[in-house]
Amino acid sequence: MLSLVVVSTAALVLAAADFDLEKFFDEQRQATRADLAGKESVELEIVGEITERLSDNFGAELKAASAAKQITIMIDTMGGSSDAGRTIAQSIEKAAKRAAVTCIVDGQALSAGFYILQSCPVRILTKRSLLMAHEPWLGGGGMGGTHRADAIRALELIDAEARAYAEQCAARLTITSDEFLAKIRNRDWWISPMEAAKLGAVDQVVASPNEAMRAKPRASKKAAPAYKFQISPVVPMRPPDEK
């Protein structure tokens, strides 16, 4: 009996090793895309880490839902890839030109998720959710030198991107770009639902997604800005101390 259990367990381990989870979810999304065609009202998701794969799938879903007049996007993400986040934001902006787009955060919209949310014409946050923005972080690609000049150039780029982020987001908030920059400089800025409403980071705070679905929120008077910058989940470099 023990031998049988060991063999069965080994077979399960081997089967699990051969199972491609990402491929499985891609197939599920393909089925979802087929179901979106021709519908006037659709619901999409931005859930989990923001990756190139998620961005590609999300863009394909929006394309499949080209007939939709009402698009609801559920967001629950800790952030992720800079390029993927920017592409998703741009996809939402394009979709908003042909349909009424509403984004609902139920959980969290952190880092890149915060910026994606700000690209939505109508932004709704549940009371159990959190937002977080921080200074743009640089990855190591092309900036990994050990010389002081390399580090200084990296810091200059971080500062330039941080200012661009601040100007972009402040366009929809009730604070200035300098005030936004001060809040994200060298730290994570956590934003509660009530604070988000006061700041203009969301258009409505609701108890649950169901309440959001029943409501007919209006977009803020300030238009969603076009995004042109990057986010990377890697700690920024700092120049070494002079000797």
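Structural data are supplied above this passage.
Residues numbered from 1 in each chain as written. Predicted model: local features only at pLDDT ≥ 70, side-chain atom pairs only at ≥ 80, totals over all residues. Heavy atoms only, no water.

Student: Let's hear about the pattern of salt bridges: which residues, and what values?
Tutor: Following the criterion strictly, the structure yields three salt bridges and no others. Across the salt bridge formed by lysine 39 and aspartate 35, the nearest N and O atoms sit 3.1 Å from each other. The partner of arginine 128 in a salt bridge is aspartate 106, with the nearest N and O atoms 2.7 Å apart. Taken together, the positions of arginine 128 in the loop between β4 (122-126) and β5 (130-134) and aspartate 106 in strand β3 (residues 100-110) put the pair 22 residues apart, joining distant regions of the chain. Using a relative accessible area of 57% as the deciding quantity, one classes arginine 128 as exposed. (Salt bridge = Lys/Arg side-chain N within 4 Å of Asp/Glu carboxyl O. Helix = DSSP H or I, 4+ residues; strand = E, 2+ residues; numbered from the N terminus. Buried < 20%, exposed > 50% of the residue type's maximum accessible area, 1.4 Å probe, protein only.)

Student: So what about the state of the cysteines? Which residues, and what values?
Tutor: By definition, a disulfide links the sulfur atoms of two cysteines through a covalent bond. As enumerated under the stated definition, the model contains one disulfide in all. Disulfide pairing is shown between cysteine 103 and cysteine 120; the S-S distance is 2.0 Å. Sign of the S-S torsion, about -70° for the bond between cysteine 103 and cysteine 120, identifies this disulfide as left-handed. On the criterion of sequence distance, the pair formed by cysteine 103 in strand β3 and cysteine 120 in the loop between α5 (112-118) and β4 is long-range, its members being 17 residues apart. (Disulfide = S-S within 2.5 Å.)

Student: Give me the lowdown on the packing of aromatic side chains, citing residues and values where you can.
Tutor: Taken as a whole and assessed by the stated rule, the structure comprises three aromatic pairs. Here the aromatic rings of phenylalanine 114 and tyrosine 115 are separated by 5.6 Å at their centres, their planes lie at 90°, and the arrangement is edge-to-face. Assessed through its relative accessible area of 0%, phenylalanine 114 is described here as buried. Here tyrosine 115 falls in the buried class, since its relative accessible area comes to 4%. Between the aromatic rings of phenylalanine 180 and tryptophan 189, the centroid separation amounts to 5.6 Å while the plane-to-plane angle is 75°, which identifies the pairing as edge-to-face. Of the two residues, phenylalanine 180 and tryptophan 189, both sit in the buried class. (Phe/Tyr/Trp six-rings, centres within 6.5 Å; stacked < 30°, edge-to-face > 60°.)

Student: Describe helix α4 (residues 82-95), and please don't skip the residues or the numbers.
Tutor: The first and last C-alpha atoms of α4 sit 20 Å apart over 14 residues, in line with the 20 Å expected at 1.5 Å per residue. Of all 14 residues making up α4, ten are buried, and the element is well covered by its neighbours. Within α4, the full set of buried residues consists of Ser82, Ala84, Gly85, Arg86, Ile88, Ala89, Ser91, Ile92, Glu93 and Ala95. Among the structural elements, β1 (41-47), α3 (52-64), β2 (70-77), β3 and α5 are those in contact with the buried residues of α4. For α4, the N-terminal cap is serine 81; the gap from its side-chain oxygen to the backbone nitrogen of alanine 84 is 3.2 Å. (Expected span 1.5 Å × (residues − 1). Contact = heavy atoms within 4.5 Å. Polar contact = N/O pair within 3.5 Å; in protein donor to acceptor, adjacent residues only side chain to side chain.)

Student: Residue-level account of the pairing of β1, with values.
Tutor: Covered by surrounding structure in β1 are Val42, Leu44 and Ile46 only, the residues Ser41, Glu43, Glu45 and Val47 on the alternate face being uncovered. Of the strand pairs in this sheet, β1 and β2 are connected by seven bridges, and their pairing is parallel. Bridged to glutamate 45 within β2 is methionine 74. Note that the unit made of β1, α3 and β2 has a crossover that is right-handed. (Pairing = 2+ DSSP bridges. Right-handed = clockwise from strand over helix to strand, strands pointing away.)

Student: Run through the environment of arginine 33, naming residues and quoting values.
Tutor: Of note, arginine 33 is situated in helix α2 (residues 21-36). The spacing of arginine 33 and phenylalanine 58 is 25 residues in sequence and 9.5 Å in space, taken between C-alpha atoms. Apart from residues lying up to four places away in sequence, arginine 33 is in contact with Asn57, Ala60, Glu61 and Ala64.

Student: Describe the nonpolar core, with residues and values.
Tutor: Judged by nonpolar contacts, the single largest core of 47 residues is most densely connected at Ile71, Ile92, Leu131 and Phe180. For this core, the element with the most residues is α5, which contributes five residues. Once residues lying within four places of it in the same chain are set aside, the contact partners of isoleucine 92 are Ile46, Phe58, Leu62, Ile73, Val101, Cys103, Ile116, Ser119 and Cys120. By size, the runner-up hydrophobic cluster in this structure holds six residues, among which are Met74, Ile124, Val206 and Ala212. (Core = buried A, V, L, I, M, F, W, Y, C linked by side-chain atoms within 4.5 Å.)

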